[in-house]
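Given next are the chains, with one letter for each unit.
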Amino acid sequence: SQTIHQWPATLVQPVGSPLSLECTVEGTSNPNLYWYRQAAGRGLQLLFYSVGIGQISSEVPQNLSASRPQDRQFILSSKKLLLSDSGFYLCAWTALNTEAFFGQGTRLTVV
Amino acid sequence: AQSVTQLDSHVSVSEGTPVLLRCNYSSSYSPSLFWYVQHPNKGLQLLLKYTSAATLVKGINGFEAEFKKSETSFHLTKPSAHMSDAAEYFCVVSDGGASKIIFGSGTRLSIRP
């Protein structure tokens, strides 16, 4: 069966520090991969999505970047975190015409 | 490109009364549509999905939604609300294939005793 792993679950980072969140998918090949952010009391904002290795589409200008070094690995990064980067980050995957399957999320607090 | 609009940011109903959460979508193709629920401090759970089969879709916990192409709507309903239904609900659209999935802004459902 397919599973998705996202870590860490919680993270507290100082302003100006780097960020690396990792997401891996098991049990499927060539998934579409997504990074979403959910700010407090807000909906889910699509940050990045990828349809293949090295193919990244950015949805909003921001302080973050994403990479897909392997078919089932999706990484969210930042060189220098801002206070406004705080939020709940979700990784997800889809296959053709399937619903989205989500990781458990990472609660990021930038202090 | 596809988009989705949830018409109400907050809906409040009394326990035992019907629930209606409204969703309109825009899509260039035949879309796939989903409803997700998120309880406080919990992850996202799929309620139901429409992928070009029957237009009336039944989901978990007594929820259902009807795909109406002429109205570009996919409203979520439940005949009788329960206190445990209090949560955030998200309508989601996808054009399928390599297309991205887009979330609505969410509707917070409150249930009055």
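Everything here concerns the structure above.
Student: Describe in detail the overall build of chain B, supporting the description with residues and values.
Tutor: A tally of regular secondary structure across chain B gives 0 helices and 12 strands. Across chain B, helices and strands are ordered from the amino to the carboxyl terminus as β-β-β-β-β-β-β-β-β-β-β-β. On C-alpha atoms alone, chain B measures out to a radius of gyration of 13 Å, which is about the 13 Å that the 2.2 N^0.38 rule sets for 113 residues. Based on the C-alpha atoms only, the size of chain B along its principal axes is roughly 45 × 30 × 20 Å. Considering only contacts within chain B whose residues lie at least 6 apart along the sequence, 56% involve residues at least 24 apart. Accessible surface, chain B as shown: approximately 5300 Å² in total, 51% of it carbon and sulfur.

Student: Help me get a handle on the state of the cysteines, residues and values and all.
Tutor: Residues and elements named next belong to chain A. Under the counting rule described, the total for this entry stands at 2 disulfides over all chains. Each sulfur in the disulfide pair Cys23 and Cys91 lies 1.9 Å from the other. As the torsion about the S-S bond is roughly -75 degrees, the Cys23-Cys91 disulfide counts as left-handed. Here the residue Cys23 occupies a position in strand 3 (residues 19–26), and Cys91 occupies one in strand 9 (residues 87–94), the gap between them amounting to 68 residues. Of the two residues, Cys23 and Cys91, neither departs from the other in class, the shared state being buried.

Thresholds applied
Residues numbered from 1 in each chain as written. Chains lettered and ligands numbered in written order. Predicted model: local features only at pLDDT ≥ 70, side-chain atom pairs only at ≥ 80, totals over all residues. Heavy atoms only, no water. Helix = DSSP H or I, 4+ residues; strand = E, 2+ residues; numbered from the N terminus. Rg over C-alpha atoms; globule rule 2.2 N^0.38 Å. Contact = heavy atoms within 4.5 Å. Areas by Shrake-Rupley, 256 points an atom, 1.4 Å probe, with all protein chains shown as cover. Disulfide = S-S within 2.5 Å. Buried < 20%, exposed > 50% of the residue type's maximum accessible area, 1.4 Å probe, protein only.

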